[in-house]
Amino acid sequence: MKLPAIVHKFSSPKNFYTMSGKLVPWFVWSFLITLVFGLYYGFFVAPTDYQQGESYRIMFVHVPAAWMSMFIYMVMAVSGGIGLIWRIKTADLMASVSAPIGAAFTLLALVSGSLWGKPMWGTYWVWDARLTSELILLFLYLGFIALQASIEDPRNAARAGAVLAIVGVVNIPIIHYSVEWWSTLHQGATVTKIDKPSIHIDMLIPLLVMAVSFKLYYIASVLMRARGEILRREQNTRWVKEVVENER
Amino acid sequence: MSASEFFNMGGYAVYVWSSYGFAFVLLGWIFISPVFTKKSIIKELKIKYRQQERQRQESTE
């Protein structure tokens, strides 16, 4: 299947660089505003949990981080796949620059989960399905980063990385359903259930606001990373030369 | 709720604040680092382009 020419034109590195430069400040500001609102609501409006006391407030960073860890992996695999099939440089680029951000969110989900597990379960870590599959996700990210770093030719690096990312997608449903398929200390889904979410509305609001905030953070952050990387990858083009010469 | 009560987090202060502290440091670093990366790339490329320019001039002389 061929993509219309306009897609290629729109996604050209030069166009991407110009467009993203205009978009970054909007995402940064909306991230900061939602972050302040989410934290305020999460700490001052959300009630104390009747079972977990104040410790449950870790949820507002833990759950959005865990969602992001899976979301960014999917972005990475899909854009890697797009790069593989249609040879769109910007798609390859998005996959590569997403990896460190995804790895950071995965690490954050694991660490904040550990810090929540200690007071609630009595242990920082158990080798159950949810925790182990999330740890495997971290290794997939690190493997992707290491693999791409070890291949000099950017075309081949993108291709190898995309294949690894796509194969690793199998881990995503395993993470999601692990709490249903295997017995675990980890609690089940409370928000993404078919029927009504089993969570107090004043806890749900900050949770969702933080989730939106983290998404905006990711977009701002991935665009900033992509803009630097694009200059490096396209350094032999005339437009990059012009951009660089215009920077002080 | 007093400030000390707030920071005490019902006795879970260590866990709550270290979670948020870790998030702040990690996500902050991931956010800021591309600014420095981009600056260093631009610096490198400036040097590279200047060298290329010099070589071109030498070869035409």
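Residues numbered from 1 in each chain as written. Chains lettered and ligands numbered in written order. Predicted model: local features only at pLDDT ≥ 70, side-chain atom pairs only at ≥ 80, totals over all residues.

### As for the overall build of chain B
Okay, so step 1: From N to C terminus, chain B includes two helices and zero strands.
Okay, so step 2: For 61 residues, the compact-globule formula gives about 10 Å, and the C-alpha radius of gyration of chain B, at 25 Å, lies well above that figure.
Okay, so step 3: The principal-axis extent of the C-alpha atoms belonging to chain B is close to 80 × 15 × 10 Å.
Okay, so step 4: By residue count, 15% of the 61 residues in chain B fall in the buried class. (Helix = DSSP H or I, 4+ residues; strand = E, 2+ residues; numbered from the N terminus. Rg over C-alpha atoms; globule rule 2.2 N^0.38 Å. Buried ≥ 20, exposed ≤ 12 C-beta atoms within 10 Å, placed from the backbone.)

### Examining the overall build of chain A
Okay, so step 1: For chain A, the helix and strand inventory stands at nine helices and zero strands.
Okay, so step 2: Element order for chain A, N to C, with α for helix and β for strand: α-α-α-α-α-α-α-α-α.
Okay, so step 3: Across its three principal axes, chain A shows a C-alpha extent of roughly 65 × 35 × 35 Å.
Okay, so step 4: Out of the 248 residues belonging to chain A, those deemed buried represent 38%.
Okay, so step 5: Sequence separation of 24 or more characterises 77% of the internal contacts of chain A that already satisfy a separation of 6 or more. (Contact = placed C-beta atoms within 7 Å.)

### Observations concerning the packing of helix α2 (residues 13-45) of chain A against helix α8 (residues 201-233) of chain A
All names here are of chain A.
Okay, so step 1: Contact geometry for α2 and α8: axes closest at 7 Å, N-to-C directions at 155 degrees. In terms of axis orientation, α2 runs roughly antiparallel to α8. α8 is crossed by α2, and the crossing has left-handed handedness.
Okay, so step 2: Across the contact of α2 with α8, the residue classes tally to 25 nonpolar, seven polar and two charged. (Axes fitted to C-alpha atoms, helices over the stretch in contact; angles between N-to-C directions. Parallel < 35°, antiparallel > 145°, perpendicular 65-115°, else oblique. Left-handed = near helix turned anticlockwise from the far one by under 90°. Nonpolar A, V, L, I, M, F, W, Y, C, P; charged D, E, K, R; others polar.)

### With respect to the nonpolar core
Okay, so step 1: Judged by nonpolar contacts, the single largest core of 66 residues is most densely connected at A:Ile58, A:Ala65 and A:Phe105.
Okay, so step 2: When contributions to this core are tallied by element, the ones reaching two or more residues are α2, α3 (59-86), α4 (89-121), α5 (129-150), α6 (154-168), α8 and α9 (238-246) of chain A together with α2 (13-60) of chain B.
Okay, so step 3: Considering each element in turn, this core owes the most residues, 15 residues, to α4(A).
Okay, so step 4: The contacts of A:Phe105, once residues within four sequence positions are left out, are A:Ala65, A:Met68, A:Ser69 and A:Ile72. (Core = buried A, V, L, I, M, F, W, Y, C linked by C-beta atoms within 7 Å.)

### Description of the interface of chain B and chain A
Okay, so step 1: Residue-level contacts link 22 residues of chain B with 31 residues of chain A.
Okay, so step 2: The residue inventory of the side of chain B that touches chain A, partitioned by class, reads 16 nonpolar, four polar and two charged.

### Quick notes on the environment of A:Gly161
All names here are of chain A.
Okay, so step 1: Tracing the backbone through its elements, the reader meets Gly161 in helix α6.
Okay, so step 2: When the 27 C-beta atoms within 10 Å are taken as the criterion, Gly161 is described as buried.
Okay, so step 3: Once residues lying within four places of it in the same chain are set aside, the contact partners of Gly161 are Gly80, Ala95, Ser96, Phe144, Leu147 and Gln148.

### Brief notes about α2(A)
Residues and elements named next belong to chain A.
Okay, so step 1: In this model, α2 (33 residues) spans 44 Å end to end at C-alpha, consistent with the 48 Å of a helix rising 1.5 Å per residue.
Okay, so step 2: Largest kink in α2: about 30 degrees, centred on Leu23, with the proline Pro25 one to four residues after it.
Okay, so step 3: Every buried residue of α2 is listed here: Pro13, Phe16, Phe27, Phe31, Gly38 and Gly42.
Okay, so step 4: If you follow the buried residues of α2, they end up packed against α3, α4 and α8. (Expected span 1.5 Å × (residues − 1). Bend = angle between axes of the 7 residues up to and from the residue.)

### Thoughts on unusual backbone geometry
Okay, so step 1: Phi is positive for A:Arg87, close to 55 degrees, though the residue is something other than glycine.
Okay, so step 2: Tracing the sequence through the fold places A:Arg87 in the loop between α3 and α4.
Okay, so step 3: Residue B:Met9 is not a glycine yet carries a positive backbone phi of 50 degrees.
Okay, so step 4: Looking at where B:Met9 falls in the secondary structure, it is placed in the loop between α1 (3-8) and α2.

### Considering the environment of A:Val28
Residue and element names in this part refer to chain A.
Okay, so step 1: Counting through the fold element by element, Val28 comes out in helix α2.
Okay, so step 2: Using a count of 18 C-beta atoms within 10 Å as the deciding quantity, one classes Val28 as partly exposed.
Okay, so step 3: Considered as a pair, Val28 and Leu115 are 87 residues apart in the sequence and their alpha carbons are 28 Å apart.

### Quick notes on the confidence of the model for chain B
Okay, so step 1: Per-chain confidence: chain B averages 92 in pLDDT, with 100% of residues scoring 70 or above.
Okay, so step 2: Across the interface, the model reports ipTM at 0.90; the global pTM reads 0.93. (pLDDT = per-residue confidence, 0-100.)

### What about α6(A)?
All names here are of chain A.
Okay, so step 1: Over its 15 residues, α6 extends 21 Å from the first C-alpha to the last, a length consistent with the 21 Å expected when each residue adds 1.5 Å.
Okay, so step 2: Of the positions making up α6, those classed as buried are Ala158, Gly161, Ala162 and Ala165. Relative to the axis of α6, the buried residues are bounded by an arc of 105 degrees and lie together on one face. Residues of α6 that are exposed and point more than 90 degrees away from the buried face comprise Asn156 and Val167.
Okay, so step 3: Those residues of α6 hidden inside the fold are in contact with α3, α4 and α5. (Arc of directions from axis to C-beta.)

### Thoughts on the environment of A:Trp29
Residue and element names in this part refer to chain A.
Okay, so step 1: Mapped onto the elements, Trp29 comes out in helix α2.
Okay, so step 2: The class for Trp29 is exposed, based on 12 C-beta atoms found within 10 Å.
Okay, so step 3: Taking C-alpha positions, Trp29 is 9.5 Å from Tyr217, a pair spaced 188 residues apart along the chain.

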